[in-house]
Amino acid sequence: GAAKQACVRDGKDPAIMDLDPEKSLAFQRGGGGGGGGGPAVDSGPPLKDDPEYAKYFKMLKMGLAMGAAKQACVRDGKDPSVMDLDPDKSLAFQRGGENVVEDTGPPLKDDPEYAKYFKMMKMGLPADAARQACVRDGKDPGIVDLDPEKSLASQRGGGSKAKKAAPKPKKKKPVKRKKIYWSTIDESKIDEESIWGMVTKDGDITMDKLEFDMKEFEELFTDQSKPGDKAKKAASSGGGAKKEKKKQVSVVDAKRAMNGGIVLARIKLEFKEVVDRVNKMDGSDFDSTQLAGLKEYLPNSDEVVALKGYLDGAGAGEEKRNAAIEVLGLCEKYMIAMLEVTDPDLKFETMTFRSVYEERLSEIVKPIDLALSACREVRESIKLRKLMALVLRIGNHINTGGSGKL
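Residues numbered from 1 in each chain as written. Predicted model: local features only at pLDDT ≥ 70, side-chain atom pairs only at ≥ 80, totals over all residues. Heavy atoms only, no water.

A. Quick look at the packing of helix α14 (residues 288-296) against helix α18 (residues 344-380). Between α14 and α18, whose axes approach to 9 Å, the crossing angle comes to 170 degrees. Overall, the two elements α14 and α18 adopt an arrangement that is roughly antiparallel. Taking contact as the criterion, the partners of Ser-288, Leu-291, Leu-294 and Lys-295 in α14 are, on α18, Asp-345, Phe-348, Glu-349, Met-351, Thr-352, Ser-355 and Val-356. Looking at side-chain class alone, the contact of α14 with α18 contains five nonpolar, three polar and three charged residues. (Axes fitted to C-alpha atoms, helices over the stretch in contact; angles between N-to-C directions. Helix = DSSP H or I, 4+ residues; strand = E, 2+ residues; numbered from the N terminus. Parallel < 35°, antiparallel > 145°, perpendicular 65-115°, else oblique. Contact = heavy atoms within 4.5 Å. Nonpolar A, V, L, I, M, F, W, Y, C, P; charged D, E, K, R; others polar.)

Listed below in structure tokens is the structure:
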């Protein structure tokens with residue numbers, strides 16, 4: 001009972017357990033090609049000694065898993081189901097000699113019952129993921145190791161006999177997927193009410209339930225380039241020896257220079273143009289954030305001294321001066337350019353004020369308008385006047401015992 005249940009679990013015929021364990025399945029099920037109606041004689045080499053398959057059975061003998069041996073068969077273009085046969089009998093004897101099974105059924109990749117699992121592997125998912133999907137759906141996970149180009153009946157012993165043998169499975173070309181680099185989340189940290197928690201409640205969403213264009217998917221998400229293409233491209237564009245990177249000179253504080261470089265990299269104008277606009281106090285090309293950044297990295301008194309000393313040390317002449325500036329960082333180049341501006345702090349304050357004037361004005365005017373509107377509503381409200389008159393009349397009546405005067 002337990003052995004038969006294990007057969008059912010693994011997708012095998014449980015009636016096998018009622019046969020003679022000392023004889024082959026083909027012999028007891030009518031296999032082989034013996035003449036005269038007698039039992040078939042196994043005249044071929046045992047599978048374990050067959051030059052074509054011996055190495056795979058040797059892998060099992062060395063303690064490797066059956067899955068590893070089957071994957072080696074697929075890699076070499078062999079039928080992985082051979083590993084399920086008796087290694088002490090020949091392939092011809094167990095497969096019926098020259099009379100092999102004719103494949104009249106649909107290929108596994110097109111079989112409505114199993115197509116989705118082969119589609120998962122075609123999309124680049126590992127074989128283990130397809131096997132888990134089979135187990136989840138109550139299917140035999142061993143189906144994944146079969147040839148997708150042949151039907152299940154032809155690979156599991158069904159079908160009618162024919163003279164021509166089925167072609168060997170073609171070796172699949174490896175598919176290299178483009179990677180999506182994202183960080184995984186620990187399942188224990190997923191809140192049930194979060195979007196991922198609700199997705200889990202909705203059930204497993206698999207690719208086989210999605211409708212999409214497989215050809216377009218492969219064009220978008222597979223790396224079509226050959227392994228040697230990138231090396232050739234690098235060699236052709238590199239032009240031989242690598243260019244030496246110019247050594248950068250730092251004059252101001254390194255951290256301040258780095259932060260200033262990040263801010264100034266967002267300014268799309270040349271520093272000469274920036275100087276021209278600051279002298280004219282034209283802030284039309286800058287927003288208030290950019291103006292604040294430009295003002296923050298104006299050179300202070302110590303930096304002015306250091307920069308002027310650096311330039312004086314470069315020597316006389318425009319060419320030497322430009323060469324000395326060229327090796328400086330972005331922040332130092334900006335500071336040197338701003339040395340030509342008179343009172344840059346005041347000019348930046350003016351430009352910033354002009355930049356935010358309309359916004360600040362609207363912030364002030366809006367509450368003033370609301371207050372004036374409220375006052376106008378109070379003064380012009382007829383209902384409010386009637387209410388106040390009624391309050392006054394009631395008060396006078398209480399005080400004088402009569403209607404009183406308004």
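B. Seen up close, the pattern of salt bridges. Considering all chains together, one arrives at 16 salt bridges under this definition. In this structure, Arg-131 engages Asp-145 in a salt bridge whose closest nitrogen and oxygen atoms are separated by 2.6 Å. You can see Arg-131 sitting in helix α7 (residues 127-136) and its partner Asp-145 sitting in the loop between α7 and α8 (152-155), a full 14 residues away along the chain. When its relative accessible area of 16% is taken as the criterion, Arg-131 is described as buried. Where Asp-285 meets Arg-277, a salt bridge forms, and the shortest distance between an N and an O atom there is 2.4 Å. Taken together, the shared-partner salt bridges connect Lys-55, Arg-75 and Asp-76 into one network. (Salt bridge = Lys/Arg side-chain N within 4 Å of Asp/Glu carboxyl O. Buried < 20%, exposed > 50% of the residue type's maximum accessible area, 1.4 Å probe, protein only.)

C. Fine view of a nonpolar patch on the surface. Nonpolar side chains collect at one region of the surface, where Phe-353, Tyr-357, Leu-361, Ile-364, Val-365, Ile-368 and Leu-372 lie side by side and expose about 630 Å² of accessible area between them. What makes Ile-368 partly exposed here is its relative accessible area of 43%. (Patch = residues over 30% accessible without salt bridge, like charges linked within 9 Å, V, L, I, M, F, W, Y side chains within 5 Å. Areas by Shrake-Rupley, 256 points an atom, 1.4 Å probe, with all protein chains shown as cover.)

D. Examining the environment of Ala-254 more closely. Assignment of secondary structure puts Ala-254 in helix α12 (residues 254-264). C-alpha separation for the pair Ala-254 and Gly-329, spaced 75 residues apart in sequence, amounts to 9.8 Å.

E. View of the nonpolar core. The biggest cluster of nonpolar side chains holds 26 residues, and the ones touching the most others in it are Val-274, Val-278, Phe-286, Leu-294, Tyr-334, Met-338 and Phe-348. Of all the secondary structure elements, the ones that give two or more residues to this core are α12, α13 (271-280), α14, α15 (301-313), α17 (330-338) and α18. Among the elements that line this core, the one with the most residues is α17, at six residues. Discounting residues that sit within four places of it in the chain, Met-338 has contacts with Val-275, Val-278, Leu-298, Pro-299, Pro-344 and Phe-348. (Core = buried A, V, L, I, M, F, W, Y, C linked by side-chain atoms within 4.5 Å.)

F. Highlighting α12. Of the residues making up α12, those classed as buried are Ala-257, Gly-260, Gly-261 and Leu-264. Within α12, the buried residues cover an arc of 105 degrees as seen down the axis, which keeps them to one side. Along α12, the residues that are exposed and aim more than 90 degrees away from the buried face are Lys-255 and Met-258. Packing partners of the buried residues in α12 comprise α13, α14 and α17. Here α12 starts with a cap whose side-chain oxygen sits 3.3 Å from the backbone nitrogen of Lys-255, and that cap is Asp-253. (Arc of directions from axis to C-beta. Polar contact = N/O pair within 3.5 Å; in protein donor to acceptor, adjacent residues only side chain to side chain.)

G. Spatial organisation of the side chain of Lys-89. Looking at the secondary structure, you find Lys-89 in the loop between α4 (66-75) and α5 (91-95). For Lys-89, a relative accessible area of 18% corresponds to the buried category. Polar side-chain contacts of Lys-89 include one of 3.0 Å to the side chain of Asp-86.

H. Structural view of the side chain of Glu-332. For Glu-332, the location among the structural elements is in helix α17. Among buried Asp, Glu, Lys and Arg side chains, Glu-332 stands out as unpaired, with Lys-333 the closest opposite charge at 8.7 Å. What Glu-332 contacts, discounting residues up to four positions off in sequence, is Val-249, Ser-250, Val-251, Val-252, Ala-257 and Leu-307. (Lys, Arg positive; Asp, Glu negative; His and termini not counted.)

I. Quick look at the environment of Gly-77. By secondary structure assignment, the location of Gly-77 is in the loop between α4 and α5. In this structure the C-alpha to C-alpha distance between Gly-77 and Asp-147, which are 70 residues apart in sequence, comes to 9.8 Å.

J. Just the packing of α12 against α17, in detail. Axis separation between α12 and α17 bottoms out at 7 Å; the angle between their running directions is 80 degrees. By the angle class used here, α12 and α17 are roughly perpendicular. Residues Arg-256, Ala-257, Gly-260, Gly-261 and Leu-264 of α12 lie in contact with α17, whose contacting residues are Leu-330, Cys-331, Glu-332, Tyr-334 and Met-335. Among the residues forming the contact of α12 with α17, the class breakdown is six nonpolar, two polar and two charged.

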